[in-house]
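The chain contents come next:
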Amino acid sequence: MTHNEKINDAGEMHTIHMDGITTYIIYTNEGFFRGGKKYFADKVFRVLSWEVQFIYEKNGFDIYETLSSADGDKNIPTGVAHIFKSLTNSVILEYFPEGTQSEDFERYRQWKK
C-alpha cells in the first residue's frame, strides 16, 4: 500500500494505492473546485459529507447535479470530463483501477484558478 497527500488552499487530497485500486479521499473547502479531468476507466464516487456540485460534459453541454451523502454511489463512465465544486466544506471518496490513465480537460481545469 502507498499513500500520498496533497494539502493546499482547496483542502486535502489523499491518494491510496492498494490491491490494484486507487482511492482518493478528498476534503474540499467551500467554493473550491476539484478534478477537471477525463479518466480512461470507469470511476465510482460518493459524497461522504455535505454538498457538492458534480459537473460533467455530455454532448458538448455542461450538466450540473447537486449531490449529498444521501445520493449514494455514482458512476463516471470512461472518458467523461468532470469536475466537482464544493458547495459546503465536503468530503468525497473516489475509486478506480490502479494505473488508469487520465488527461486534463482544459476548460474545467481553468475553473480551478
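Residues numbered from 1 in each chain as written. Predicted model: local features only at pLDDT ≥ 70, side-chain atom pairs only at ≥ 80, totals over all residues. Heavy atoms only, no water.

**A closer look at the packing of aromatic side chains**
At step 1: In this structure the tally under the stated criterion is nine aromatic pairs.
At step 2: What links up through ring pairs into an aromatic cluster is the set F33, F105, Y108 and W111.
At step 3: A cation over an aromatic ring shows up here: K43 above the ring of Y39, its NZ or CZ 3.7 Å from the ring centre. (Phe/Tyr/Trp six-rings, centres within 6.5 Å; stacked < 30°, edge-to-face > 60°. Lys NZ or Arg CZ within 6 Å of the ring centre and 35° of its normal.)

**Details of the nonpolar core**
At step 1: Within the largest apolar cluster, 15 residues are counted, with the highest numbers of intra-cluster contacts made by F45, F54 and F84.
At step 2: At the level of elements, strand 3 (21–28), strand 5 (43–49), strand 6 (51–58) and strand 10 (90–97) are the ones that each hand at least two residues to this core.
At step 3: Ranked by residue count, the leading element in this core is strand 6, at three residues.
At step 4: Other than its neighbours up to four places away in sequence, F45 contacts F54, L67, G72, D73, K74, I76, F84, I92, L93 and E94.
At step 5: In terms of nonpolar packing, the next biggest core, distinct from the first, is built from six residues, F33, I55, I83 and F105 among them. (Core = buried A, V, L, I, M, F, W, Y, C linked by side-chain atoms within 4.5 Å. Buried < 20%, exposed > 50% of the residue type's maximum accessible area, 1.4 Å probe, protein only. Helix = DSSP H or I, 4+ residues; strand = E, 2+ residues; numbered from the N terminus. Contact = heavy atoms within 4.5 Å.)

**Quick notes on the environment of D42**
At step 1: Residue placement: D42 occurs in the loop between strand 4 (33–39) and strand 5.
At step 2: Taking relative accessible area as the criterion, D42 reaches 42% and is therefore assigned partly exposed.
At step 3: Linking D42 and Y95, residues 53 residues apart in sequence, is a C-alpha distance of 9.0 Å.
At step 4: Discounting residues that sit within four places of it in the chain, D42 has contacts with N75, I76, P77, T78, F96 and P97.
At step 5: One polar contact links the side chain of D42 to the main-chain amide nitrogen of T78, over a distance of 2.9 Å. (Polar contact = N/O pair within 3.5 Å; in protein donor to acceptor, adjacent residues only side chain to side chain.)

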